[in-house]
Amino acid sequence: MNKLPKKELREDVKFKLGNTEFRFFLHDDYKENFPSEFEITYQILVDHLFDKGTKEVILDIGTRDGDSIFPFVAALNDMNKEGEIIAFEPSEEFAWLQKNMDVNNIKNITLNNFAISDVDGEVEFVWDENSRNGGLNHKISQIAPWNSKRTFQSVSFKNFDKALKEKVKRATFIKVDTEGSDFIVLNQLIDIVKENKPTLMIENWPFTQQHIINFAFQFGYRVYNEKMQPNMIDTHNLFLVSI
């Protein structure tokens, strides 16, 4: 297991989503929206997005400390549904991701300690040392007030190992939260999008709305906000559902 960052303590909290109880080592910067963001995503998955009859293969790209995993696990449990989660997180938060998955005994998950992009090897990230968050360093991501830059490992889809590539090719749901880099990631998975028409959960990052509209039109998706309304107003995440 990767080592946790030195001198960093996080509150060990317990919470419930649907009928599933979880423990979570919660970062101070995220207490304000805890656990309401989890509850919103969980309810959308159960009410609108997960098909009761099929196995879900979920890609969680930009998993950070594992906070985004909990709604998926709870929804799968409450729908008595088979599912597999494949997570990607390149930063030191990977150690907290491992810990949060271990204390909850989450078994149906594969954890990958690298980013997905068109570059193989070390890539530069913009980074916030306080919130422990960041994304690939490029024009769109730079609009946020980052206070640092870091270097993390990246792998292009073509260079995934064979076993991981075969798992990813079965994706039915792709969540991408990479601080403005979502379309760099999705371009790596475009053949999977064309073939499987997975449901997509994308961060509503500033100045990416036109990219999302163009993508939805090109590949046959409708775009919904967190109230499952067909617009991009007042929402942190957007959901793209195949027509």
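Above this text you will find the structure in question.
This section reports on the structure supplied with the text. (Residues numbered from 1 in each chain as written. Predicted model: local features only at pLDDT ≥ 70, side-chain atom pairs only at ≥ 80, totals over all residues. Heavy atoms only, no water.)

When helices and strands are tallied, the protein chain shows 7 helices and 13 strands. A compact globule built from 243 residues would reach a C-alpha radius of gyration of about 18 Å, and the protein chain, at 17 Å, matches this within 12%. With the principal axes as the frame, the protein chain shows a C-alpha extent of 50 × 40 × 40 Å. Taken over 243 residues, the protein chain has a buried fraction of 56%. Within the protein chain, residue pairs in contact and separated by at least 24 positions form 67% of the contacts whose partners lie at least 6 positions apart. Of the roughly 11900 Å² of accessible surface on the protein chain, a fraction of 47% belongs to carbon and sulfur atoms. (Helix = DSSP H or I, 4+ residues; strand = E, 2+ residues; numbered from the N terminus. Rg over C-alpha atoms; globule rule 2.2 N^0.38 Å. Buried < 20%, exposed > 50% of the residue type's maximum accessible area, 1.4 Å probe, protein only. Contact = heavy atoms within 4.5 Å. Areas by Shrake-Rupley, 256 points an atom, 1.4 Å probe, with all protein chains shown as cover.)

Relative to the helices and strands, Ser148 resides in strand E9 (residues 148-155). Put simply, Ser148 and Asp128 are 20 residues apart on the chain and 5.9 Å apart in space, counted from C-alpha to C-alpha. Once residues lying within four places of it in the same chain are set aside, the contact partners of Ser148 are Phe125, Val126, Trp127 and Glu129. There is a polar contact of 3.2 Å between the side chain of Ser148 and the side chain of Glu129. (Polar contact = N/O pair within 3.5 Å; in protein donor to acceptor, adjacent residues only side chain to side chain.)

Mapping Thr208 onto the fold places it in the loop between strand E11 (199-203) and helix H7 (209-219). The class for Thr208 is buried, based on a relative accessible area of 5%. Sequence-distant contacts of Thr208, defined by excluding residues within four places in its chain, comprise Ile140, Phe183 and Glu203.

Here the distance between the centres and the angle between the planes together describe a pair of aromatic rings. What the rule picks out here adds up to 23 aromatic pairs. On the basis of an interplanar angle of 35 degrees and a centroid distance of 6.1 Å, the ring pair of Phe24 and Phe34 is categorised as tilted. With Phe24 in strand E2 (residues 20-26) and Phe34 in the loop between E2 and helix H1 (36-49), this residue pair connects regions lying 10 residues apart in the sequence. Connected via pairs of aromatic rings, a cluster forms that spans Phe15, Phe22, Phe24, Phe34, Phe38 and Phe70. (Phe/Tyr/Trp six-rings, centres within 6.5 Å; stacked < 30°, edge-to-face > 60°.)

Here the focus is the side chain of His138. Along the chain, the position of His138 falls in the loop between strand E8 (133-136) and E9. Exposure remark for His138: the relative accessible area of 17% places this residue in the buried category. Polar side-chain contacts of His138 include one of 3.2 Å to the backbone oxygen of Gly180. Setting aside residues no more than four positions away along its own chain, His138 makes contact with Gly180, Ser181 and Ile184.

As a further point, take the sheet that holds strand E7 (residues 121-128). Spatially, E6-E9-E7-E8 is the arrangement adopted by the 4 strands of the open sheet, whose pairing is mixed. Here the strands that pair on one side only, and so sit at the sheet edges, are strand E6 (115-116) and E8. Sheet topology places E6 next to E9; 2 bridges connect them, and they run parallel. Within E9, the residue paired with Ile116 across the bridge is Val155. (Pairing = 2+ DSSP bridges.)

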